[in-house]
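For reference, the chains in residue letters:
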Amino acid sequence: MKTIELNDDDWARLKRKLMSGSVDDALKDYTPPVKLTHGTEYITYETGGEEDNERPNE
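The structure presented is a predicted model; accordingly, all values stated were derived computationally and were not measured. (Residues numbered from 1 in each chain as written. Predicted model: local features only at pLDDT ≥ 70, side-chain atom pairs only at ≥ 80, totals over all residues. Heavy atoms only, no water.)

A. Local environment of the overall build of the protein chain. Helix and strand counts for the protein chain come out as three helices and three strands. When the elements of the protein chain are put in sequence order from the N terminus, they spell out β-α-α-β-β-α. When each of the 58 residues of the protein chain is scored for burial, the buried share is 21%. Contacts in the protein chain between residues at least 24 apart in sequence constitute 58% of all its contacts with a sequence separation of at least 6. Of the roughly 4,900 Å² of accessible surface on the protein chain, 44% is carried by carbon and sulfur atoms. (Helix = DSSP H or I, 4+ residues; strand = E, 2+ residues; numbered from the N terminus. Buried < 20%, exposed > 50% of the residue type's maximum accessible area, 1.4 Å probe, protein only. Contact = heavy atoms within 4.5 Å. Areas by Shrake-Rupley, 256 points an atom, 1.4 Å probe, with all protein chains shown as cover.)

Have a look at this one:
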């Protein structure tokens, strides 16, 4: 997983986008899997999830 250290301005911009819009819109500039960090804070952005692992009822 790639790690990107964001500066103060980029981190503030990302947090504003996450608070006011959709996660997809806020993270559209980054290619998953990626870990966005700022000091001791971080956001992990990965695709997929539990939904992808579920099997349909037979």
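Once the structure has been displayed, the description carries forward.
B. Fine view of the pattern of salt bridges. As enumerated under the stated definition, the model contains two salt bridges in all. Between E41 and K15 there is a salt bridge, with the nearest N and O atoms lying 3.8 Å from each other. Separated by 26 residues along the polypeptide, E41 in strand β3 (residues 41-45) and K15 in helix α1 (residues 8-20) bring together distant segments of the chain. What makes K15 partly exposed here is its relative accessible area of 36%. (Salt bridge = Lys/Arg side-chain N within 4 Å of Asp/Glu carboxyl O.)

C. Here's a closer look at the side chain of H38. For H38, the location among the structural elements is in strand β2 (residues 34-38). At 2.6 Å, the side chain of H38 forms a polar contact with the side chain of D8. In this structure H38 touches E5, L6, N7, D8 and W11, once residues within four positions along its chain are discounted. (Polar contact = N/O pair within 3.5 Å; in protein donor to acceptor, adjacent residues only side chain to side chain.)

D. Looking closely at the nonpolar core. Ranked by size, the top nonpolar core spans ten residues in total: L6, W11, L14, A26, L27, Y30, V34, L36, I43 and Y45. Put simply, the parts of the chain that give this core at least two residues each are α1, β2 and β3. Sequence-distant contacts of L36, that is, excluding residues within four places in its chain, are made with I4, L6, W11, L14, L27, Y30, E41, Y42 and I43. (Core = buried A, V, L, I, M, F, W, Y, C linked by side-chain atoms within 4.5 Å.)

E. The arrangement of the sheet that holds β2 in detail. The mixed open sheet is built from three strands, whose spatial order is β1-β2-β3. Looking at which strands have only one partner, the edges of the open sheet turn out to be β1 (2-5) and β3. Averaged over all adjacent pairs, the angle separating strand axes in this sheet is 20°, with direction ignored. Two strands pair when backbone bridges link them, and β1 and β2 are joined in this way by four bridges, in the parallel orientation. Note on β2: the bridge partner recorded for E5 is T37. Packed on one face of the sheet, α1 meets β2 and β3 and runs near 60° to β3. (Pairing = 2+ DSSP bridges. Axes fitted to C-alpha atoms, helices over the stretch in contact; angles between N-to-C directions.)

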